[in-house]
Amino acid sequence: QVQLVESGGGLVQPGDSHRLRCTDVGRDNTTYSMGWFRQAPGKEREFVALVYVDGGTKYADSVKGRFTANRDGAKNTVYLQMNSLKSEDTAVYYCSLRVGEEFMYWGQGTQVTVSS
C-alpha cells in the first residue's frame, strides 16, 4: 500500500535553491507517475511538476526552467529541485502518486516559505 511522506520544507530566501523529497514509506515496487502540487493560503491547489514512469517530466509554466523533478533508481523516491526561488513560490508542497489517470494518493505536505 502506498504511503507518501514529503520532507525538506523550510524557510529560504529569494534566489536560493532548495530540494524537496517524497518517499513511498510503503515501499511499493510498482512504478507510477508521480506529481508535485502546491497550495498557497487562500488559493486552490495547483499543479507544479510531473515525473512519468520513464523518467520524462512535465512542468507548469510558472516553474519551467527553474524547477527540476526526478526520481531515483529505486523508483520509490522523487525529488523537486527548486532554483531561483521567488516569494510567489511560497506554499505547502504536496507529492501525489497517479494510478492510471487519477492522482489517488497524497502526502501530508511540507511548507516552503520564500522570504527575506
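The structure presented is a predicted model; accordingly, all values stated were derived computationally and were not measured.

Caption draft 1: How the structure looks around the overall build of the protein. Scanning the protein from N- to C-terminus turns up zero helices and eleven strands. Listed by position from the N terminus, the elements making up the protein come as β-β-β-β-β-β-β-β-β-β-β. Compactness check: the protein gives a C-alpha radius of gyration of 13 Å against a globular reference of 13 Å for 116 residues, within 12% of the reference. Expressed as lengths along the three principal axes of its C-alpha atoms, the size of the protein is roughly 40 × 25 × 20 Å. Taken across its 116 residues, the protein has 40% of its residues classed as buried. Long-range pairs, those at least 24 residues apart, make up 51% of the contacts in the protein between residues at least 6 apart in sequence. Element-wise, carbon and sulfur atoms account for 43% of the exposed surface of the protein, whose accessible area totals about 6400 Å². Taking the average place of the 13 positive charges on the side chains of the protein and the average place of its 13 negative ones, the gap between the two points comes to 4 Å.

Caption draft 2: Representation of the environment of Q3. Among the structural elements, Q3 can be located in the segment before β1 (4-7). C-alpha of Q3 to C-alpha of C95: the two residues are 92 residues apart in sequence and 11 Å apart in space. If we skip the residues at most four places from it in the chain, Q3 touches T23, D24, V25 and G26.

Caption draft 3: Local environment of the side chain of R66. Inspection of the secondary structure puts R66 in the loop between β6 (57-59) and β7 (67-71). Of the residues examined, R66 reaches a relative accessible area of 10% and is grouped as buried. A polar atom in the side chain of R66 sits 2.9 Å from the backbone oxygen of S62. Dropping the residues within four chain positions of it, R66 is found in contact with Q81, M82, N83, S84, L85, K86 and D89.

Caption draft 4: Layout of unusual backbone geometry. Backbone geometry places S84, a non-glycine residue, at a positive phi of 50°. When its relative accessible area of 40% is taken as the criterion, S84 is described as partly exposed.

What counts as what
- Residues numbered from 1 in each chain as written.
- Predicted model: local features only at pLDDT ≥ 70, side-chain atom pairs only at ≥ 80, totals over all residues.
- Heavy atoms only, no water.
- Helix = DSSP H or I, 4+ residues; strand = E, 2+ residues; numbered from the N terminus.
- Rg over C-alpha atoms; globule rule 2.2 N^0.38 Å.
- Buried < 20%, exposed > 50% of the residue type's maximum accessible area, 1.4 Å probe, protein only.
- Contact = heavy atoms within 4.5 Å.
- Areas by Shrake-Rupley, 256 points an atom, 1.4 Å probe, with all protein chains shown as cover.
- Lys, Arg positive; Asp, Glu negative; His and termini not counted.
- Charge placed at Lys NZ, Arg CZ, Asp CG, Glu CD.
- Polar contact = N/O pair within 3.5 Å; in protein donor to acceptor, adjacent residues only side chain to side chain.

Coordinates in, geometry out; function isn't part of it.
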